[in-house]
Amino acid sequence: MLLLVAGTACTRNFEELNTNQHEATEEMMATDNLKTGAFFSQMQRNVVLFKDGINLSSDYQVAQGLTSDVYSGYVAPTGTWYGGVHNGSYYLISNWIERTFTSGFVSVMPAWRSINTIASEQNLPEIAALATVVKVQGMHRVADAYGPIPYVNFSGSLKNNYDPLQNVYTRFFEELDGAIDVLTKFAQGNPSSVLMRDYDYIYGGNVTKWIKFANTLRLRLAMRVVYANASLAKTEAEKSIANPFGVISNADERAAIQRSNTLAYMHPLYEIAYNFNAGEVRMSASMDAYMNGYADPRRAAYFTKAGDGNYHGVRQGIVTTTWTPYSGPAISNLNVNSGSTPIVWITAAESYFLRAEGALRGWNMGGTAQDLYNQGIAVSFKENGLADDAAVYAANNTAMPIAFTDNSGQSGNNAPAPSAITIAWNAADNFEANLERIITQKWLALYPDGPEGWAEFRRTGYPKLLPVVNNNSNGTINTAVHIRRIPYPQSEYTNNKAGVQSGLSALGGPDGGGVKLWWDKK
């Protein structure tokens, strides 16, 4: 009888007695997202690079600061490198065009693949959906910089053939459509639920906000392809507006990396502007021409005043051995705080300007082009702490961009006004004038998101940016047309030569900065 009782007790407590109390079980890891959480955090940290213990601020500088941030017309490089014969004057430095590519394929894609596998094993499709949204956010920046990339059949190996950009975008839409459907059903069935709260640096696990972000991202990419495939653009854009949760519409819904007890970071632009060799970036001449012409109140949010109390920028493409005049008190620095300025992925203002353009094209965007345009300005001002100034600014129908005057005292860098576009909406203007109006204000609101600002300039031709002073591309880039892409990194030629060749075949041109991407059709 004693043996029988003992045997029964052992059987009843077998699972408890034979479980390691100091080790997470598969069930626990699925509940707490321990297996997927670290990968999800890794993906988010590698969309826009910053110093996080692995990446450095210098990684941001070569991945974005010396390419898209400059080519967007937001900032100008004022470092002493090579006397100015570098990316800024279209002489592309090989190790300055590498990090944009590797950040996606070394950090984002493998992490997504791991999450996808684990989520499938644990039957957590909503986790896979979140990861897919972040993957598209990270990888469209890579595709928009280079063109064809190895994306559609990515297997984990870095030696893959490249896919034509139109195929990559088709997959982006398929992935976003599927992820949004999964997340929408999950949120409708679990209204108060959060996902991966402890690993989500953007929304703290708020599923509803992630759906709005995903819809806004789909709207952004839909607009990107409008000149290459107008019907696809309209279909995907209207899906986002029709979704029950809609798109980002309030300032508190914008997507930005949040500081927390587990993530403290110094904004990379602060280090580049203030800590790197007494400052290696300043306000651009194009921002000078537009923001001073409009007397834009956001100047103070974006830049510091120069020594004379005004705002002054620098032309791109200056070649000189004396950089002190451009990095000294005669030129405005960036107004960025090391500990409080957020790293933003998508603003609420961008969402309104996207909808305004869609409405201008006759799409169902839930409002008129004029109303959505004015809301975009209002939200941008609110996002920059200037809500009370928006209405007066939006009603100004006389202010225009001004001619640029180099305040450094150096001759030869002045330039005429890049445009005559005014601010206030004018229903009597033609389509193209109102499109320029929308994109110009969108460009100002996007600052300092260089990848998006550059992509929109290439897509639409707006805003009209000042050309480089010196073009050292050896004839591969047209000064008037501006740079259209960055070449593939040398590491791909070394490690994946066949893949690069397939990419060039899909690109349809040489591996240079003057070749237009698939969606760059205007």
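Residues numbered from 1 in each chain as written. Predicted model: local features only at pLDDT ≥ 70, side-chain atom pairs only at ≥ 80, totals over all residues. Heavy atoms only, no water.

1. Regarding the side chain of arginine 459
Under the convention used in this document: To qualify as a helix, a DSSP run of H or I must reach at least 4 residues; to qualify as a strand, a run of E must reach at least 2; elements of each kind are numbered from the N terminus. Contact between two residues is taken to exist if any of their heavy atoms lie within 4.5 Å; hydrogens are not considered.
Here arginine 459 is to be found in helix α20 (residues 450–460). Apart from residues lying up to four places away in sequence, arginine 459 is in contact with Met223, Arg224, Val226, Tyr227, Glu357, Arg361, Ile439, Lys442, Trp519 and Lys522.

2. Re the packing of helix α8 (residues 125–146) against helix α9 (residues 165–189)
Test applied: The angle between two axes is taken between their N-to-C directions and runs from 0 to 180 degrees, where each axis is a line fitted to C-alpha atoms and a helix contributes only its stretch in contact. The scheme is simple: roughly parallel for angles under 35 degrees, roughly antiparallel for over 145, roughly perpendicular for 65 to 115, oblique for anything else. By the definition used in this description, the sense in which the near helix is turned from the far one sets the handedness, with an anticlockwise turn below a right angle giving left-handed and a clockwise turn giving right-handed. Under this grouping Gly is polar, as are all residues other than the nonpolar Ala, Val, Leu, Ile, Met, Phe, Trp, Tyr, Cys and Pro and the charged Asp, Glu, Lys and Arg.
Where α8 meets α9, the axes come as close as 9 Å, and the angle between the chain directions of the two elements is 150°. By the angle between their axes, α8 is roughly antiparallel relative to α9. As for how α8 packs across α9, the hand of that crossing is left-handed. Only Leu165, Val168, Tyr169, Phe172, Glu175, Leu176, Ala179, Val182, Leu183 and Phe186 of α9 make contact with α8, whose side of the interface consists of Pro125, Glu126, Ala129, Leu130, Thr132, Val133, Lys135, Val136, Met139, His140, Ala143 and Asp144. In the contact of α8 with α9, the residues fall into 16 nonpolar, two polar and four charged.

3. Thoughts on helix α11 (residues 230–242)
Which entries qualify depends on this criterion: Any helix carries an expected span of 1.5 Å times its number of residues minus one. Whether a residue is buried, partly exposed or exposed follows from its accessible area with a 1.4 Å probe, protein chains only, as a fraction of its type maximum: under 20%, in between, or over 50%, in that order. Think of the arc as the fan of directions from the helix axis to the C-beta atoms.
Taking 1.5 Å per residue, 13 residues should reach 18 Å; α11 reaches 18 Å between its end C-alpha atoms and fits that length. Every buried residue belonging to α11 is among Ala233, Glu236, Ala237, Ser240 and Ile241, and all of these are buried. Angularly, the buried residues of α11 cover 140° about the axis, an arc narrow enough to put them on a single face. When the buried face of α11 is taken as reference, the exposed residues oriented beyond 90 degrees from it are Ser231 and Ala242. Of the surrounding secondary structure, the elements contacted by the buried residues of α11 are α9, α10 (207–224) and α16 (348–360).

4. A few points about the confidence of the model for the chain
The test is simple: The pLDDT value tells you how sure the predictor is about a given residue, anywhere from 0 up to 100.
The share of residues in the chain with pLDDT of 70 or more is 94%, and the mean pLDDT across the chain is 92. Low pLDDT, under 50, characterises residues 1–29; the predicted model gives this stretch nine contacts beyond four residues in sequence or across chains.

5. Considering the pattern of salt bridges
The criterion, for reference: Salt bridges are defined by distance alone: a side-chain nitrogen of Lys or Arg within 4 Å of a carboxyl oxygen of Asp or Glu.
Considering all chains together, one arrives at 27 salt bridges under this definition. Linking aspartate 177 and lysine 239 is a salt bridge whose minimum nitrogen-to-oxygen distance equals 2.8 Å. Separated by 62 residues along the polypeptide, aspartate 177 in helix α9 and lysine 239 in helix α11 bring together distant segments of the chain. The class of aspartate 177 is buried, set by a relative accessible area of 14%. Given the relative accessible area of 33%, lysine 239 is considered partly exposed. The closest approach of N and O atoms between glutamate 456 and lysine 442, which form a salt bridge, is 2.6 Å. One end of the pair, glutamate 456, is in helix α20; the other, lysine 442, is in helix α19 (residues 431–446), and 14 residues separate them in sequence. Accessibility expressed as a relative area gives 3% for glutamate 456, which makes it buried. Overall, the relative accessible area of 1% leaves lysine 442 in the buried class. In the salt-bridge network here, residues are joined through shared partners; they are Arg141, Asp144, Arg220, Arg224, Glu350, Glu357, Arg361, Lys442, Asp449, Glu452, Glu456 and Arg459.

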